[in-house]
Amino acid sequence: MGDLFLVRHGETEWSRSGRHTGRTDVPLTERGREEARRLVPLIRSHRIGAAFVSPLQRARETAELIGLHDQRVDVDLREWDYGGYEGVTTVEIQRELPEWFLFTDGVAPGPPDHPGESPEQVGERADRVLAKVDAAHANTEGCVVLVAHGHFLRVLTARRLGLPASAGALFQLATGTLCRLGTEHGRPVIAGWNVRPPT
């Protein structure tokens, strides 16, 4: 099990305003592009064996801006399907459901093309991605990089650490940051979180 680097895409208008952005394909803001560009020295300082990216444009553009030109698009890296909560903020949801919490309660059903996912369903996708990461580590030298989305990467981190998908709630993840999951004594650990280069 080699090092696994997680990159959350740069800022979008929706991430800045706190709107749940699952399948809606919003672009990066100029600030989001700059957040991505600032990660280049951190990425270049490591040997990259394989890179996987979400199909959504905010992740693909981030991958290009950080210099990952030979990456594989993987639909399993899409953000959580927020169903009926797509485009809605947590504050708006909690006006009607004060105790609502994404990582335990999931989302309201949406239309047939994006019906919504439970935390467990997102965890299943994360497990599939981790199996691909392990296969890449077995067949290449260097670290593996995933460029994707905040809530999905938080669930993936929980699953890598052997925790339930709901434990993704424990890992706050900012836009345009790099995280490193490594090992200590053969066990998965967080080796770096929300890393940005010094300004």
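Residues numbered from 1 in each chain as written. Predicted model: local features only at pLDDT ≥ 70, side-chain atom pairs only at ≥ 80, totals over all residues. Heavy atoms only, no water.

A. Summary view of the pattern of salt bridges. A full pass over the atoms with the stated rule returns 19 salt bridges. Salt-bridge contacts for E11 lead to R31; the nearest nitrogen and oxygen are separated by 3.0 Å. With E11 in the loop between β1 (4-8) and α1 (13-17) and R31 in helix α2 (residues 30-37), this pair connects stretches of sequence that are 20 residues apart. Note on E11: relative accessible area 4%, which makes it buried. For the salt bridge of R16 with E13, the shortest nitrogen-to-oxygen distance reads 2.4 Å. Separated by 3 residues within a single helix, R16 and E13 lie in helix α1, roughly one turn from each other. (Salt bridge = Lys/Arg side-chain N within 4 Å of Asp/Glu carboxyl O. Helix = DSSP H or I, 4+ residues; strand = E, 2+ residues; numbered from the N terminus. Buried < 20%, exposed > 50% of the residue type's maximum accessible area, 1.4 Å probe, protein only.)

B. Just the layout of surface pockets, in detail. Roughly 370 Å³ of internal volume is contained in the largest pocket. Around the largest pocket, the lining comprises 19 residues; the ones closest to its centre are R8, S15, G18, R19 and H151. When residues of the lining of the largest pocket are traced back to their parent elements, those giving at least two are α1 and α8 (150-160). It is α8 that provides the largest number of residues to the lining of the largest pocket, a total of 3 residues. Residue classes in the lining of the largest pocket are distributed as 3 nonpolar, 11 polar and 5 charged. (1 Å grid on protein atoms, 1.4 Å probe; cavity = no way out; pocket = protein on both sides within 12 Å on 5 of 7 lines; lining within 4 Å. Points joined across faces, edges and corners; volume = space filled by probe spheres on them. Nonpolar A, V, L, I, M, F, W, Y, C, P; charged D, E, K, R; others polar.)

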